[in-house]
Amino acid sequence: MKAFDYDLGILGGGAAGLTAAAGAAQLGAKTVIIDRAGKLGGDCLHHGCVPSKTLIRSAQVWALARRTAEFGLPPLQLPPVELGTVMDRVAEVIARIQEHDSPERFCRLGAATIFGTPHFLDDHQLEVDGQRLTARSWIIATGSRPALPPVAGLETVAAWTNETVFAQRRLPQRLLVLGGGPIGVELAQAFQRLGSAVTLVEFTGQLLPAEDEDLAVLVQARLEAEGMKVRLNTKALRAERAGNEVRLTVTSGPEAGTEETLTGDALLVAAGRRPNVEGLELEAAGVDYGPGGIPTDARLRTNQKHIYACGDVNGVYPFTHVAGYEAGIALTNSVMHLPRKADYGKVPWCTYCDPELASIGLNEKRATAQGIDFRVLTERFSDNDRALAEGETEGCLKLLVGANGKPLGCQILGHGAGELIHQWVAAFSGGTRLSTLAGAIHPYPTLGEIGKRAAGAYFTDKLFSDRTRTILRLLFQLKGRACAVEEPDRSR
Ligand SMILES: Cc1cc2nc3c(=O)[nH]c(=O)nc-3n(C[C@H](O)[C@H](O)[C@H](O)COP(=O)(O)OP(=O)(O)OC[C@H]3O[C@@H](n4cnc5c(N)ncnc54)[C@H](O)[C@@H]3O)c2cc1C
């Protein structure tokens, strides 16, 4: 057998790369991680999930402080926010987690780290800053970066992206946000709550375009109620800076061609992602790729069977938990030589706006597109006792059930939806039946009861039907109603 320097080489020390490295090293594979950033952790830790959720938390606290009167407490006079202090906390949280993602920790596990910019020389060998090394298998996990939409002059206005926004120290009075996907919505709401007047521009006719429209409309209503201006069906054409002001010329609505200029003190671009493939010289390794990333088969293998692509770089699902899942599949295939395949049917996700919007399985949009017959069971948070006590009654849970009574998907828009979806992650992963969910005992009063009620609703019509009443009356001589209320005649 050919001698390689490493059993496994990993390009990129982010969510996917680090998951693969930790597993491979602990299985006894000689493993090296190569990352060009000079630190481990990737986008999720430095420019993504961690800083955004930390910023969102500060914004949530501030939004709650504005609501004291709703809870019978005195209203507070709130001073302006110092963005720098908020970002200091963001940096502290990153630093705490960074300790866990240090090269020393990975070295203790048995994986080496090299910081530098690699490029392939052939399908087993690459060079990193003058050093050549070979590996039997490679995992490409180089992630993605913000895509800049074709807006004339965008490069001249120093627009913020997720790579720069968390380094800002001054809260803009007016913030323009380009992009109404999860990243745009989350950050737009955080800045609005911290005190910026935000205008969000979205090209399509719906915020969070992957989600069901009825839920996205509720998110939009909340953002607007908090003071944000949301511009749907609006395309950015040109950006320019005039002194301290950014001007964004847009065209919107059915009369495309009518231009309008929006102004702000800063512009945040959150308009999609691009895979990081440049500079890797994938051609030298014979690895195919395209604008959407590096395609793989279900075992996460590229067209070169010993080279895998996991995480954002393969363009499948841009989530940290998917990156980790895929890394586990690639690891099982590359190190243990077991032919494990990825199954994306049970991938959950959550947009951490407030209220949160979490999803698993099919929603109405996806089920309709796939021509699947379904029924929707909806439970509102306003009917949940705990939600009333918490003062968080917005939103609902939508459970999609197939013709055979099998749960197909669950969407939750509401306070804590990102936590509430776990019940459904467990149910979908374990193939739990609706009757089991409906029969389970939950502690009262909790938001989680909403899931049991939705599952129970599937049986309510059948159980409390005229037919059941008739059968019970015949069998046990039940006497029927003890009381009736005269309903007002609403026909007049
Ligand atoms: C603002 C924001 C918020 C987000 N919030 C969430 C969230 O709440 N939940 C969630 O699940 N996901 C979230 N995501 C998505 C999540 O960050 C990504 O899906 C995840 O980081 C992908 O992991 P990865 O390993 O593929 O890439 P990354 O974690 O980005 O790691 C890639 C690594 O590769 C390195 N690299 C890049 N190019 C090269 C190269 N040529 N050579 C060597 N190294 C290279 C990089 O330095 C980096 O360390 C968010 C993203 C953003 C931008």
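Below: a short report on this structure. (Residues numbered from 1 in each chain as written. Predicted model: local features only at pLDDT ≥ 70, side-chain atom pairs only at ≥ 80, totals over all residues. Heavy atoms only, no water.)

**Section: the site of the ligand**
Just so we agree on the cut-off: Throughout, the term near means that a residue has one or more heavy atoms lying within 4 Å of the molecule or strand in question. Distance and chemistry together define a polar contact, namely a pair of N or O atoms within 3.5 Å, with one atom able to donate a hydrogen and the other to accept it when in protein, and with adjacent residues in sequence counting only for side-chain atoms on both sides. Surface accessibility follows the Shrake-Rupley procedure with a 1.4 Å probe radius. Residue values consider only the protein chains on display as shielding. The numbering of helices and of strands both runs from the N terminus, where a helix is a DSSP run of H or I of at least 4 residues and a strand a run of E of at least 2. Only Asp, Glu, Lys and Arg are considered charged in this grouping, and only Ala, Val, Leu, Ile, Met, Phe, Trp, Tyr, Cys and Pro are considered nonpolar; every other residue, Gly among them, is considered polar.
Not every one of the 34 residues close to the ligand is listed here, only the nearest: Ala 16, Asp 35, Lys 53, Asp 312 and Thr 320. Between the ligand and Phe 319, the relevant distance is 3.2 Å, taken from an oxygen atom to a main-chain nitrogen or oxygen of the residue. In the complex, the protein chains occlude 93% of the 990 Å² of accessible area that the ligand would expose alone. Broken down by secondary-structure element, the contributors of at least two residues to the shell around the ligand are helix H1 (15-26), strand S2 (31-35), helix H2 (42-46), helix H3 (49-65) and helix H9 (320-334). Looking at the shell around the ligand residue by residue, the class counts come to 14 nonpolar, 14 polar and six charged.

**Re unusual backbone geometry**
Using the following cut-off: Note on classification: 1.4 Å probe, protein chains only; a residue is buried when its accessible area is under 20% of the maximum for its type, exposed when over 50%, partly exposed between these limits.
A cis geometry characterises the amide bond from Asp 354 onward to Pro 355, with omega recorded as 0 degrees. With a phi angle near 55 degrees, Glu 281 is a residue other than glycine that sits in the positive phi range. Inspection of the secondary structure assignment puts Glu 281 in the loop between strand S15 (273-275) and helix H8 (282-285). Classification of Glu 281 by relative accessible area gives partly exposed; the value is 41%.

**Brief notes about the packing of H3 against helix H6 (residues 182-194)**
Defined as follows: Lines fitted to C-alpha atoms define the axes here, with helix axes fitted over just the stretch in contact, and angles between the N-to-C directions of these axes take values from 0 to 180 degrees. Should an angle lie under 35 degrees it is considered roughly parallel, over 145 roughly antiparallel, and from 65 to 115 roughly perpendicular; all remaining angles are considered oblique. Put simply, a crossing is left-handed when the front helix is turned counterclockwise from the back one by less than a right angle, and right-handed when it is turned clockwise. The contact criterion used throughout is that any non-hydrogen atoms of two residues lie within 4.5 Å.
Running from N to C, H3 and H6 point in directions that differ by 40 degrees, and their axes come no closer than 8 Å. The angle between H3 and H6 falls in the class oblique. As for how H3 packs across H6, the hand of that crossing is left-handed. In contact with Ser 52, Lys 53, Leu 55, Ile 56, Ser 58, Ala 59, Gln 60, Trp 62 and Ala 63 of H3, H6 contributes Glu 186, Leu 187, Ala 190, Phe 191, Arg 193 and Leu 194.

**Remarks on the sheet that holds strand S21 (residues 407-414)**
For the record, the criterion: By this definition, two strands are paired if DSSP reports at least two bridges between them.
One open sheet holds the five strands; their spatial order is S17-S18-S21-S20-S19, and the pairing between them is antiparallel. Two strands in the sheet have a free side with no partner beyond their single neighbour: strand S17 (349-351) and strand S19 (374-380). Pairwise comparison of adjacent strand axes, ignoring direction, gives a mean angle of 15 degrees for this sheet. Taken together, the six bridges between strand S18 (residues 356-361) and S21 define a ladder with antiparallel strand orientation. When the sheet's bridge partners are listed, Ser 359 is paired in S21 with Gln 411.

**Here we look at the packing of aromatic side chains**
Heads up, the rule is: Any Phe, Tyr or Trp ring, taking Trp's six-membered ring, that has another such ring centre within 6.5 Å forms a pair; planes under 30 degrees apart are called stacked, those over 60 apart edge-to-face, and the others tilted. Put simply, a charge is over a ring when the Lys NZ or the Arg CZ is close to the ring centre, within 6 Å, and near the line of the ring normal, within 35 degrees.
For the coordinates displayed, the defined rule picks out eight aromatic pairs. Here the aromatic rings of Trp 160 and Phe 191 are separated by 5.8 Å at their centres, their planes lie at 50 degrees, and the arrangement is tilted. In this pair, Trp 160 sits in the loop between strand S7 (144-146) and strand S8 (174-178) while Phe 191 sits in helix H6, placing the two residues 31 residues apart along the sequence. What makes Trp 160 buried here is its relative accessible area of 9%. Here Phe 191 falls in the buried class, since its relative accessible area comes to 0%. Centroid distance Phe 319 to Trp 349: 5.8 Å. Interplanar angle 15 degrees. Geometry classified as stacked. In this pair, Phe 319 sits in the loop between strand S16 (307-309) and H9 while Trp 349 sits in strand S17, placing the two residues 30 residues apart along the sequence. With relative accessibility at 10%, the residue Trp 349 sits in the buried group. Cluster of aromatic residues (ring-pair linked, three or more members): Tyr 317, Phe 319, Tyr 344 and Trp 349. For Lys 30, the ring lying beneath its charged end belongs to Tyr 6, and the centroid distance is 5.1 Å. For Arg 105, the ring lying beneath its charged end belongs to Phe 106, and the centroid distance is 5.1 Å.

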